[in-house]
Amino acid sequence: MADRDRDAEGRARNARPRDALGRPLPRGAVGEDRAPEGLVRPPAVALAEAQRLLDAGRPFHAHEVLEDAWKTAPEEERALWRGLAQLAVGLTHAARGNDRGARTLLERAAGSIAGYAAAPPHGVDVDGLVAWARGLAAAPGAGADPAAAAPRLTGSAVRTPGTPGG
């Protein structure tokens, strides 16, 4: 049996490079820089970094940032951050052509986020993101270009074609 790649703490961690959608590439290939894991970022910083990655067509990497926020969030916000991470993973699956996986994750994300509609924390566009997730779940092929399909996490989740970031 081959030795597994391990990180500095000894946890199993695949060291193969990855493409922009997080798929492993052959060893020695040039891949995308990975988002640093395990960072504690203030919510505004996590949202801005995740948005930057979504806008760049890197939803897998945005998910890593949002997952860190989920793991470090106060208990009352964990479902929100989990849902945001699921949105990014759902978009990743849509871009990879995995319609079934995209639908599952996007519907799960919408359910996780919807509970925050009455008092959205950190400027998150809860209603817009729920509508966006359900819309993409209904037609996951629309996520083939993840940068074009990416929602706005704060402000308005819906982008207008022809506008900056839209």
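Up top is the structure.
Every value quoted in this text rests on a predicted model; they were computed, and no experiment measured them.

**Re the overall build of the protein chain**
Then, in step 1: Along the backbone of the protein chain there are six helices and zero strands.
Then, in step 2: In the protein chain, the succession of helices and strands from N to C terminus is α-α-α-α-α-α.
Then, in step 3: Relative to its full complement of 166 residues, the protein chain shows a buried share of 43%.
Then, in step 4: Long-range pairs, those at least 24 residues apart, make up 58% of the contacts in the protein chain with a sequence separation of at least 6.

**Concerning unusual backbone geometry**
Then, in step 1: With a phi close to 60 degrees, His122 is a non-glycine residue in the positive phi region.
Then, in step 2: What makes His122 partly exposed here is its relative accessible area of 35%.

**Quick notes on helix H3 (residues 78-96)**
Then, in step 1: For H3, which comprises 19 residues, the first-to-last C-alpha distance of 27 Å matches the rise-based estimate of 27 Å (1.5 Å per residue) to within 8%.
Then, in step 2: Most of H3 sits inside the fold, with 14 of its 19 residues counted as buried.
Then, in step 3: The positive-phi residue at the C-terminal boundary of H3 is Gly97, with phi of around 85 degrees.

**A closer look at the nonpolar core**
Then, in step 1: Counting residues in hydrophobic clusters, the biggest one holds 35 residues, and the most contacted among them are Trp81, Leu84, Leu87 and Leu106.
Then, in step 2: Elements with a minimum of two residues in this core: helix H1 (43-55), helix H2 (59-72), H3, helix H4 (99-114) and helix H5 (126-138).
Then, in step 3: In this view, Trp81 contacts Pro43, Ala46, Leu47, Leu66, Ala69, Trp70, Ala73 and His122; residues no more than four positions away in its chain are not counted.

**Here we look at the pattern of salt bridges**
Then, in step 1: Counted according to the given criterion, the structure contains six salt bridges.
Then, in step 2: The partner of Arg52 in a salt bridge is Glu49, with the nearest N and O atoms 2.7 Å apart. You can see Arg52 and its partner Glu49 sitting in helix H1, three residues apart, about one turn around the helix.
Then, in step 3: Here Glu107 and Arg134 are joined by a salt bridge, their closest N and O atoms 3.9 Å apart. Here Glu107 is found in helix H4, whereas its partner Arg134 is found in helix H5, with 27 residues between them in sequence.
Then, in step 4: A relative accessible area of 41% places Glu107 in the partly exposed class.

Rules of the game
- Residues numbered from 1 in each chain as written.
- Predicted model: local features only at pLDDT ≥ 70, side-chain atom pairs only at ≥ 80, totals over all residues.
- Heavy atoms only, no water.
- Helix = DSSP H or I, 4+ residues; strand = E, 2+ residues; numbered from the N terminus.
- Buried < 20%, exposed > 50% of the residue type's maximum accessible area, 1.4 Å probe, protein only.
- Contact = heavy atoms within 4.5 Å.
- Expected span 1.5 Å × (residues − 1).
- Core = buried A, V, L, I, M, F, W, Y, C linked by side-chain atoms within 4.5 Å.
- Salt bridge = Lys/Arg side-chain N within 4 Å of Asp/Glu carboxyl O.

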